[in-house]
Amino acid sequence: MSPRTAVVTGASSGIGAATARQLAAAGYHVVLTARRAERLEALAKELAAAGHSATAYALDVTDRPAVDAFAASLDSVDVLFANAGGAFGADPVATGDPDDWRAMFEVNVMGVLNAVQALLPKLVASGDGTIVVLSSTAGFTAYEGGGGYVAAKHGTHAIAATLRLELSGEPVRVIEIAPGMVKTDEFAVTRFRGDSDKAAAVYAGVAEPLTADDVADTVAWAVTRPSHVNIDLLVVRPRAQAAQHKVHRVVEEA
């Protein structure tokens, strides 16, 4: 019997790569997608060396024809982890760059839509499909300097909530995982355009922000529940973050 297939978007780093590792270890054939082909190939080789099954496929989820071609190349799909996303800039709404807003909408909203629409027929045909959408606590609560990202992640949340209603009666679960503060190698650095000092300040004084592995563990747990169990929405934060605006930070004495 061939293994079930899980497609992971944004698999070249961070939460996507960590989740691909966990799903592969759980016995799935993992199809790794992202724009950076060399990173995908390295991860696929790593998984193969560990005795797991993985395929790398370079893909930009904002390119709809490319996503459609990718979907057509697959024989079957059992799980879609729509993880590709990101934040660009941290300017106030009054001065935010419309190009940043557009880019965030394209990857966080249209990218999810493209992947879901292209792969949904195969997920339904599997007879037991699962869609996991990675949103964010930003999809529920606004914060200063986060207008574009907040707006985009509200859109991501809306896709998951609406899709769950529309797929009622179909053999497909729709799961939304909404992380709070997660420290990865790239998220904050990308947001602040490579400024490592600004990126580090986001996590300053926070003893243990979430890691990519923490979120991956949550995703893998949700995916591997019995078929009749749907984790509609799971918010996961570090203990230090009581809410979007309330984070316990330890200030080092001079």
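Coordinates for the structure precede this section.
Residues numbered from 1 in each chain as written. Predicted model: local features only at pLDDT ≥ 70, side-chain atom pairs only at ≥ 80, totals over all residues. Heavy atoms only, no water.

Draft legend 1. Looking closely at the sheet that holds strand E5 (residues 129-134). The 7 strands are arranged E3-E2-E1-E4-E5-E6-E7 in an open sheet whose pairing can be described as parallel. Taken across any chain shown, the strands that pair with only one partner, and hence form the sheet edges, are strand E3 (53-58) and strand E7 (233-236). Neighbour to neighbour, the strand axes of the sheet diverge by 15° on average, direction disregarded. In this structure, strand E1 (residues 5-9) lies alongside strand E4 (residues 79-82), joined through 3 bridges in parallel fashion. Bridging from a neighbouring strand, Val-7 pairs with Leu-80 of E4. (Pairing = 2+ DSSP bridges. Helix = DSSP H or I, 4+ residues; strand = E, 2+ residues; numbered from the N terminus. Axes fitted to C-alpha atoms, helices over the stretch in contact; angles between N-to-C directions.)

Draft legend 2. Spotlight on the side chain of Ser-12. With respect to the secondary-structure elements, Ser-12 resides in the loop between E1 and helix H1 (14-25). In terms of polar contacts, Ser-12 uses its side chain to reach the side chain of Arg-36, at 3.2 Å. With residues up to four places along the chain from it excluded, the contact list for Ser-12 reads Ala-17, Ala-34, Arg-36, Arg-39 and Leu-40. (Polar contact = N/O pair within 3.5 Å; in protein donor to acceptor, adjacent residues only side chain to side chain. Contact = heavy atoms within 4.5 Å.)

Draft legend 3. Broad picture of empty space enclosed by the protein. For the structure shown, the criterion picks out 1 cavity of 30 Å³ or more. A volume near 80 Å³ is recorded for the largest cavity. If you go around the largest cavity, you meet 15 residues; those closest to its centre are Phe-88, Gly-89, Asp-91, Trp-101 and Met-104. Those elements that place two or more of their residues in the lining of the largest cavity are helix H4 (98-125) and helix H5 (147-166). Looking at side-chain class alone, the lining of the largest cavity contains 5 nonpolar, 6 polar and 4 charged residues. (1 Å grid on protein atoms, 1.4 Å probe; cavity = no way out; pocket = protein on both sides within 12 Å on 5 of 7 lines; lining within 4 Å. Points joined across faces, edges and corners; volume = space filled by probe spheres on them. Nonpolar A, V, L, I, M, F, W, Y, C, P; charged D, E, K, R; others polar.)

Draft legend 4. Inspection of the packing of aromatic side chains at higher detail. Taken as a whole, this structure holds 2 aromatic pairs when the rule is applied. Between Tyr-149 and Phe-187, the aromatic rings sit 5.6 Å apart at their centres with planes inclined by 65°, giving edge-to-face as the arrangement. One end of the pair, Tyr-149, is in helix H5; the other, Phe-187, is in helix H6 (residues 187-191), and 38 residues separate them in sequence. Using a relative accessible area of 29% as the deciding quantity, one classes Phe-187 as partly exposed. (Phe/Tyr/Trp six-rings, centres within 6.5 Å; stacked < 30°, edge-to-face > 60°. Buried < 20%, exposed > 50% of the residue type's maximum accessible area, 1.4 Å probe, protein only.)

Draft legend 5. Spotlight on the packing of helix H3 (residues 64-73) against H4. Running from N to C, H3 and H4 cross one another at 20°; their axes reach a closest spacing of 9 Å. Relative to H4, H3 is oriented roughly parallel. At the point where H3 passes H4, the crossing takes the right-handed sense. Between H3 and H4, the residues in contact are Arg-64, Val-67, Asp-68, Phe-70, Ala-71 and Ala-72 and Asn-114, Ala-115, Gln-117, Ala-118, Leu-119 and Lys-122, respectively. Among the residues forming the contact of H3 with H4, the class breakdown is 7 nonpolar, 2 polar and 3 charged. (Parallel < 35°, antiparallel > 145°, perpendicular 65-115°, else oblique. Left-handed = near helix turned anticlockwise from the far one by under 90°.)

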